[in-house]
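Chain residues, written in single-letter form:
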Amino acid sequence: MDRIVILTGAGISRESGLDTFRDEGGIWSQVRLEDVCTPEGFARDPEAVDAFYNSRRRELATVKPNTAHKSLAALEAVFGTNDDDTFLLVTQNIDDLHERAGSANLVHMHGELLRLRCMNCGATPRWTTDCHRTTPCPSCGWKNLRPDVVWFGEMPLHMDRIRRALERCDIFVAIGTSATVYPAAGFIDEASGHARTIELNLAPSGSASLFDEAAYGEATTIVPRFVKDFLAENAN
């Protein structure tokens, strides 16, 4: 069976009702990323950063996985879980919609909205409610928690694991990503030459010409179709 790596971006969650960051009218048109998505912004005004992520957490609680998320979970179920050599889902998203849809062999390269990180002991507790400057760490009691997300200027997570999977994959699929944020934008280069590469997106990304195949449209339409066709193709 082919070894597959799938990369997802904000486009796959947009149809669930989550605001994207870069689209017209998206989050970056409402707030400055320098204020809420950098270590410097957090040092300057941690209360504002807390308020921003508290709002994102509350928004996440109001939405559900869509058919694109569920189709990828169904694809993983065919491949089997907990084996990066067979199937790995890499997401740039910090939401938990893939998990709620049933995906298991999954890495969040930009961290998770529903986790905090203690600046004292390093604990990363799951967190679904608001966090404030007075909120103590469940592990050590220290009152210096931050969102467990990767900010601009910080290194994405799980990169060794992701690159090992990219080096060995037979198929690389990028879904709902603008191909403007590195290192994820460079994954197509790492997969090209030894893997079949496929872009599924609302519109061509900046790296569209590098892919072998592409389909464009709403994620809830093109992702289920891709999964159905892929499974039929591999059943023969």
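Residues numbered from 1 in each chain as written. Predicted model: local features only at pLDDT ≥ 70, side-chain atom pairs only at ≥ 80, totals over all residues. Heavy atoms only, no water.

As named in an unreviewed UniProt entry, the protein chain is NAD-dependent protein deacylase, taken from Acetobacter oeni. Quoted verbatim from the Function (unreviewed entry) heading of the UniProt record, the comment on the protein chain is "NAD-dependent lysine deacetylase and desuccinylase that specifically removes acetyl and succinyl groups on target proteins. Modulates the activities of several proteins which are inactive in their acylated form." Quoted straight from UniProt, the Sequence similarities (unreviewed entry) entry for the protein chain says "Belongs to the sirtuin family. Class III subfamily." (UniProt positions renumbered as here; feature names shortened; annotations may be inferred.)

A. Expanded view of the UniProt feature "binding site: Zn(2+)" (unreviewed entry) in the protein chain. Within this structure's numbering, the places UniProt gives as "binding site: Zn(2+)" (unreviewed entry) are Cys118, Cys121, Cys137 and Cys140. A stretch of 23 residues holds the annotated residues, and the largest C-alpha distance among them is 8.7 Å, short enough that they meet in one place. Checked against the element boundaries, Cys118 lands in strand β4 (residues 111–118). Beyond its immediate chain neighbours, meaning those up to four positions away, Cys118 contacts Ala123, Cys137, Cys140, Trp142, Asn144 and Leu145. Checked against the element boundaries, Cys140 lands in the loop between β4 and β5 (145–149). The residues contacting Cys140, other than those within four sequence positions of it, are Cys118, Asn120 and Cys121. (Helix = DSSP H or I, 4+ residues; strand = E, 2+ residues; numbered from the N terminus. Contact = heavy atoms within 4.5 Å.)

B. Highlighting the packing of aromatic side chains. According to the stated counting rule, one finds seven aromatic pairs in the structure shown. Residues Phe79 and Phe87 carry aromatic rings whose centres are separated by 5.8 Å and whose planes lie at 50 degrees to one another, so their mutual orientation is tilted. One exposure class covers both Phe79 and Phe87, and it is buried. Taken together, a centroid distance of 6.3 Å and an interplanar angle of 15 degrees make the contact between Phe172 and Phe211 stacked. Here the residue Phe172 occupies a position in strand β6 (residues 171–175), and Phe211 occupies one in the loop between β7 (196–201) and β8 (213–216), the gap between them amounting to 39 residues. Per residue, the accessibility class of Phe172 equals that of Phe211, and both read buried. Counting every residue linked through ring pairs, the aromatic cluster contains Phe42, Phe52, Tyr53 and Trp151. (Phe/Tyr/Trp six-rings, centres within 6.5 Å; stacked < 30°, edge-to-face > 60°. Buried < 20%, exposed > 50% of the residue type's maximum accessible area, 1.4 Å probe, protein only.)

C. Broad picture of the domain arrangement of the protein chain. We note that the domain assignment places domain 1 (1–17 + 65–110 + 157–235) and domain 2 (19–62 + 111–149) within the protein chain. Placing a centre on the C-alpha atoms of domain 1 and another on those of domain 2 gives a separation of 26 Å. Domain 1 puts 17 residues into the contact, and the matching count from domain 2 is 13 residues. Between domain 1 and domain 2, roughly 1,000 Å² of surface is buried when both sides are summed, and carbon and sulfur atoms account for 57% of that area. Ranked by residue count, the leading element in the side of domain 1 that touches domain 2 is helix α6 (residues 97–101), at three residues. The residue inventory of the side of domain 1 that touches domain 2, partitioned by class, reads six nonpolar, six polar and five charged. (Domains from an automatic or database assignment. Buried area = accessible area lost by both parts, 1.4 Å probe. Nonpolar A, V, L, I, M, F, W, Y, C, P; charged D, E, K, R; others polar.)

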